[in-house]
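Structure at a glance
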Amino acid sequence: MRKIYAAGAALVVLLLTLLISFRVKIYLIEQKLISPPTKFKIAYVDIKGLVTDRKDQSVYFKRFLDITTKAVRGLESEMLVCSLPFGKSDAIKFFRDFLDQSKPDGILMIPFMPFASELLSICGSRYIPCVTINGRAPENCGTPLEKHRLWIAEVYSDEQKGGFSLAKALIEKALESGNRGELHMLAFSGPENFEFASKRLKGLKQALNLYPNIVLDQVVSSDYTFENSAAKFSYLKKTRFPEASIVWCDSDTAALGVLDAAQKMGHSGIIAGGFDWIEEAVQSIGRGQMTASSGGQLANGAWAAVLIVDYLNGIKPDRPTYITEMSVLNKSKALRLLEKAETGGTPPEKFRSFSKHYNKGLSAYSFTASELIK
């Protein structure tokens with residue numbers, strides 16, 4: 001029995017020593033008494049099939065990962081990707097093995113997973129700081145710095161305002177024709193169990209309160225795919241809502257599908273827009289086909305990377321929650337973005353301008369995706 005107690009005591013001492021050494025290390029870095037490593041490993045974590053392998057999300061995810069990777073590289077660090085399997089026990093085992101093998105210094109994580117709290121606990125037990133992105137964590141996680149002390153911050157966009165702004169942009173475009181009578185709209189919304197989808201839809205309905213002459217004919221459940229959206233629009237336009245001329249979509253791929261169907265049906269005056277700023281949508285907006293795209297959440301991984309790298313360099317976030325603004329991409333902004341893309345897009349080093357570590361005089365973070373268009 002004494003041996004068991006002794007072993008338990010030794011384990012407690014070891015854990016306390018590791019915790020104290022980590023906190024002392026961070027303190028010494030904060031006080032500039034020691035230097036941090038010159039290069040960090042930053043890992044992005046989500047569930048395989050939730051984002052990374054979904055056909056409807058593949059275009060968005062590639063763009064999101066490209067921007068995040070570019071930011072991590074610009075912050076002189078290495079980007080890793082960890083896609084967890086479905087199932088709690090398999091995912092947790094996979095995550096532990098990934099940490100053992102890859103040894104990341106910081107974690108960027110999609111939080112809307114039923115076992116997010118367990119993953120945050122594992123990060124805490126390994127003294128790996130974590131920032132969650134593009135969503136709210138389950139209630140059992142608490143808030144950053146509360147239950148999980150190394151969950152240092154969360155970064156997500158104001159999805160409701162994004163839905164509101166997109167709706168205004170589409171409606172104002174329709175009103176340019178001078179028509180002050182009734183105008184009919186369809187809304188292609190994402191899955192109801194996605195919090196961001198319900199918030200975007202709430203923003204749309206909020207905007208409609210400002211325009212009593214706009215009639216929302218139907219909210220259509222969408223899976224975000226080009227093909228499904230095209231088929232649904234074609235059916236509804238032919239059989240139920242022939243007067244619908246404005247289509248608000250919860251994704252750019254859905255909006256592109258709608259416009260493709262409209263063109264094949266001979267309807268050239270359809271006003272459609274979506275979310276995400278994907279490359280095909282930006283090109284369509286630049287050509288004057290798609291009207292607008294609401295976005296900015298694509299850069300949230302980059303902002304989270306800035307917070308992680310700054311933290312590892314001894315600079316703590318100035319608050320636990322960062323709600324980034326979504327910006328509407330119109331034709332002039334799209335053309336500017338396309339022009340930048342021809343010369344390689346936003347250079348990796350640009351992301352250093354958002355970091356306090358690289359900018360000693362920076363008093364507060366300013367995470368605005370529209371800055372990347374300039």
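1. Structural notes on the packing of helix α8 (residues 252–265) against helix α9 (residues 279–286)
Two elements in contact, α8 and α9, have axes whose closest approach is 9 Å; the angle formed by their N-to-C orientations is 50°. Taken together, the axis directions place α8 and α9 in an arrangement best described as oblique. When the axes of α8 and α9 are compared, the crossing they make is left-handed. Between α8 and α9, the residues in contact are D252, L256 and L259 and E280, A281 and S284, respectively. Taken together, the residues that form the contact of α8 with α9 break down as 3 nonpolar, 1 polar and 2 charged.

2. Examining the sheet that holds strand β10 (residues 292–295)
Sheet architecture is open: 6 strands sit in the order β7-β6-β8-β9-β10-β12, paired in mixed fashion. The strands lining the two open edges of the sheet, one partner per strand, are β7 (214–221) and β12 (327–329). Averaged over all pairs of adjacent strands, the angle between their axes in this sheet comes to 20°, without regard to strand direction. As paired strands, β10 and β12 are joined by 3 bridges and run antiparallel to one another. Looking at β12, one finds that S294 is bridged to V328.

3. Description of the side chain of K356
Mapped onto the fold, K356 is located in the segment after α11 (331–342). Engagement of the side chain of K356 in a polar contact is seen with the side chain of D318, the distance being 3.3 Å. Non-local contacts of K356, meaning those with residues more than four positions away in its chain, are made with D310, I315, D318, L362, S363, A364 and Y365.

Cut-offs applied
Chains are numbered independently. Their residues run from 1 in the order of the written sequence. Per-residue local features of the predicted model are confined to residues with pLDDT of at least 70, and side-chain atom pairs are confined, for both listing and counting, to 80 or more; whole-chain, interface and lining totals are unaffected and use all residues. Computation of side-chain values covers all heavy atoms of the structure but excludes hydrogens and water. Only the stretch in contact is used when a helix axis is fitted, and all axes are lines through C-alpha atoms; the angle between N-to-C directions ranges over 0 to 180 degrees. Secondary structure elements follow DSSP: runs of H or I of four or more residues count as helices, runs of E of two or more count as strands, with numbering from the N terminus. Geometric relationships in this document are graded by angle, where less than 35 degrees denotes roughly parallel, more than 145 denotes roughly antiparallel, 65 to 115 denotes roughly perpendicular, and other angles denote oblique. In a left-handed crossing the near helix is turned counterclockwise from the far helix by less than a right angle, and in a right-handed crossing that turn is clockwise. We call two residues in contact when some of their heavy atoms are within 4.5 Å. Here the nonpolar group is Ala, Val, Leu, Ile, Met, Phe, Trp, Tyr, Cys and Pro; Asp, Glu, Lys and Arg are the charged ones; every other residue, Gly included, is treated as polar. Any two strands with at least two DSSP-identified bridges between them are counted as paired. Within 3.5 Å is the distance limit for a polar contact, defined as a pair of N or O atoms, with the added protein rule that one can donate a hydrogen and the other accept it, and that residues adjacent in sequence qualify only through two side-chain atoms.

Bear in mind that shape data such as this cannot, by itself, settle questions of function.
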